[in-house]
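Now for the letters of each chain:
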Amino acid sequence: MAALDAALLGLLGLLVGSFLNVVIHRLPRMMELRWAAECAQLQADAGAAPTPQPAAFNLMVPRSRCPHCGHQIRWFENMPVVSYLALRGRCGACRAPISARYPLVELATAALFAWCGWRWGLTPTGLVWSGFAAAVLALAAIDWDTTLLPDDITLPLVWAGLIAAGLGLSGTPLTHALWGAVGGYLSLWLVYWGFKLATGKEGMGYGDFKLFAALGAWFGWPALIPMILMASVIGAVVGIALKVFSQLREGGYVPFGPFLALAGLTAMFFGPASILAVIGL
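Residues numbered from 1 in each chain as written. Predicted model: local features only at pLDDT ≥ 70, side-chain atom pairs only at ≥ 80, totals over all residues. Heavy atoms only, no water.

Peer 1: Quick question: what am I supposed to make of the overall build of the chain here?
Peer 2: Looking only at helices and strands, the chain has 10 helices and zero strands in total. Helices (α) and strands (β) of the chain occur, in sequence order from the N terminus, as α-α-α-α-α-α-α-α-α-α. Against the 2.2 N^0.38 benchmark of 19 Å for 281 residues, the chain shows a C-alpha radius of gyration of 20 Å, consistent with a compact globule. Summarising its shape, the C-alpha atoms of the chain cover approximately 60 × 50 × 45 Å along the three principal directions. Classification of the 281 residues of the chain by burial places 40% in the buried group. Put simply, 72% of the contacts in the chain that link residues at least 6 apart link residues at least 24 apart. (Helix = DSSP H or I, 4+ residues; strand = E, 2+ residues; numbered from the N terminus. Rg over C-alpha atoms; globule rule 2.2 N^0.38 Å. Buried < 20%, exposed > 50% of the residue type's maximum accessible area, 1.4 Å probe, protein only. Contact = heavy atoms within 4.5 Å.)

Structure (structure tokens):
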């Protein structure tokens, strides 16, 4: 039954992974459009000429198209992994290359869901942890691309962790989850302000506070120190490597969210205590 549950959740993960690709690509753009609309409204309130309203753009519309030729993606060209292989990684119309990250995200989501099915079965616990994995994976990809951690995902993830703890689905006592969320947010908030007062610069964004609060809600306050240590060590190693090979983005920023996400997934797989052994402490 464990193998069957893993297979079924893995299949669901392929479908969810396909949707995550849409979220990763579109959600930052939706945020930009929302900010632009707010700015336009402020200008209109101040007496400026109204600006034209852009066409609807969300997770559902418009339908996916090739960014090179505008070819509308048909249903049989949008099947997870299978379509990418059948098209040999190229657009069906103009033959422009399709990023390999699309099938990789689908496969990663399927693997995470399958593992949740293997460990917890096709149960409410397996489903909530699958949802956690999907949200964390999407946040890691968005933050790596844009240095943004959308509230549309981080805040529901905090509440989902608290609700899962309250219902006994996450395995974390509710009091641990509550103080984990509080401690996760406040700890990075204090680091942020300490760094800003000392240097006059912002060392991280508020999205990092919310993501760490979410991890605290899912794993409890005892897990905060192992997870922040793992994220910091791996983040420092990757940052140094990017600098050595001159791969740092403009401004020299390395987003911290992907490393928090990695620490969260490691805690889900092996438990928070094992993180200390992974980083040699």
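Peer 1: Teacher, can you tell me more about the side chain of Glu 77 here?
Peer 2: Looking at where Glu 77 falls in the secondary structure, it is placed in the loop between helix 1 (2-45) and helix 2 (82-86). In this structure the side chain of Glu 77 is engaged in a polar contact, spanning 3.0 Å, whose partner is the side chain of His 71. With sequence-adjacent residues up to four places away left out, Glu 77 is seen in contact with His 71, Gln 72, Ser 83, Leu 87 and Gly 92. (Polar contact = N/O pair within 3.5 Å; in protein donor to acceptor, adjacent residues only side chain to side chain.)

Peer 1: Please clarify how the environment of Glu 106 should be interpreted in this entry.
Peer 2: Its location among the elements puts Glu 106 in helix 3 (residues 101-120). For Glu 106, a relative accessible area of 7% gives the class buried. The sequence separation of Glu 106 and Gly 10 amounts to 96 residues, and the corresponding C-alpha distance is 9.9 Å. Discounting residues that sit within four places of it in the chain, Glu 106 has contacts with Gly 13, Leu 14, Gly 17, Ser 18, Asn 21, Pro 80 and Val 81.

Peer 1: Looking at this model, I keep getting lost on the nonpolar core. Mind explaining?
Peer 2: Burial of nonpolar side chains together is a common tendency in soluble globular proteins. The biggest cluster of nonpolar side chains holds 59 residues, and the ones touching the most others in it are Phe 132, Leu 157, Phe 219, Met 227, Leu 260 and Met 268. In terms of residues, this core owes the most to one element, helix 4 (residues 124-146), which gives 12 residues. Beyond its immediate sequence surroundings of up to four residues, Phe 132 is in contact with Leu 157, Leu 215, Trp 218, Phe 219, Gly 264, Leu 265 and Met 268. (Core = buried A, V, L, I, M, F, W, Y, C linked by side-chain atoms within 4.5 Å.)

Peer 1: Explain the packing of aromatic side chains to me, please; I cannot follow it from the model alone.
Peer 2: Two numbers describe a pair of aromatic rings. These are the distance of the centres and the angle of the planes. Counting across every chain of the model gives 16 aromatic pairs. When the centroid spacing of 5.5 Å and the interplanar angle of 85° are considered together, the rings of Tyr 185 and Phe 209 count as edge-to-face. On the criterion of sequence distance, the pair formed by Tyr 185 in helix 6 (residues 174-199) and Phe 209 in helix 7 (residues 206-219) is long-range, its members being 24 residues apart. For Phe 209, a relative accessible area of 0% corresponds to the buried category. A connected cluster of aromatic rings, assembled from ring pairs, spans Trp 115, Trp 120, Trp 129, Phe 132, Trp 218, Phe 219, Phe 269 and Phe 270. Its guanidinium or amino end placed over the ring of Phe 57, Arg 26 lies 5.4 Å from that ring's centre, counting from NZ or CZ. (Phe/Tyr/Trp six-rings, centres within 6.5 Å; stacked < 30°, edge-to-face > 60°. Lys NZ or Arg CZ within 6 Å of the ring centre and 35° of its normal.)

Peer 1: Would you mind going over the packing of helix 3 against helix 4 with me for this structure?
Peer 2: Packed helices, taken two at a time, are described by the angle between their axes plus the distance between the axes. Between helix 3 and helix 4, the shortest axis-to-axis distance is 9 Å and the interhelical angle comes to 155°. Judged by the angle between their axes, helix 3 and helix 4 are roughly antiparallel. Note that helix 3 runs across helix 4; the crossing there is right-handed. Together, Arg 101, Val 105, Ala 108, Thr 109, Leu 112, Phe 113, Cys 116 and Trp 120 of helix 3 and Thr 125, Gly 126, Trp 129, Ser 130, Ala 133, Ala 134, Leu 137, Ala 141 and Asp 145 of helix 4 make up the contact between the two elements. (Axes fitted to C-alpha atoms, helices over the stretch in contact; angles between N-to-C directions. Parallel < 35°, antiparallel > 145°, perpendicular 65-115°, else oblique. Left-handed = near helix turned anticlockwise from the far one by under 90°.)

Peer 1: Explain helix 3 here, please?
Peer 2: Because an α-helix completes one turn every 3.6 residues, residues spaced three or four positions apart along the sequence face the same direction. In this model helix 3 runs 28 Å from its N-terminal to its C-terminal C-alpha over 20 residues, within 8% of the 28 Å that 1.5 Å per residue would give. Buried within helix 3 are the following residues: Pro 103, Val 105, Glu 106, Thr 109, Ala 110, Leu 112, Phe 113, Cys 116 and Gly 117. On its buried side, helix 3 packs onto helix 1, helix 2, helix 4 and helix 9 (257-270). Following helix 3 by one or two positions, Gly 121 adopts a phi angle in the positive range, close to 75°. (Expected span 1.5 Å × (residues − 1).)

Peer 1: Looking at this structure, I do not really get the pattern of salt bridges. What am I missing?
Peer 2: Pairs can form between side chains of opposite charge whenever their charged atoms are close. For the structure on display, the rule yields six salt bridges. A salt bridge links Asp 152 to Arg 34, with the nearest nitrogen and oxygen atoms 3.4 Å apart. Of this pair, Asp 152 sits in helix 5 (residues 151-166) while Arg 34 sits in helix 1, and the two are 118 residues apart along the sequence. In this structure, the salt-bridge partner of Arg 74 is Glu 77, at a minimum N-O distance of 2.8 Å. Of the residues examined, Glu 77 reaches a relative accessible area of 10% and is grouped as buried. (Salt bridge = Lys/Arg side-chain N within 4 Å of Asp/Glu carboxyl O.)

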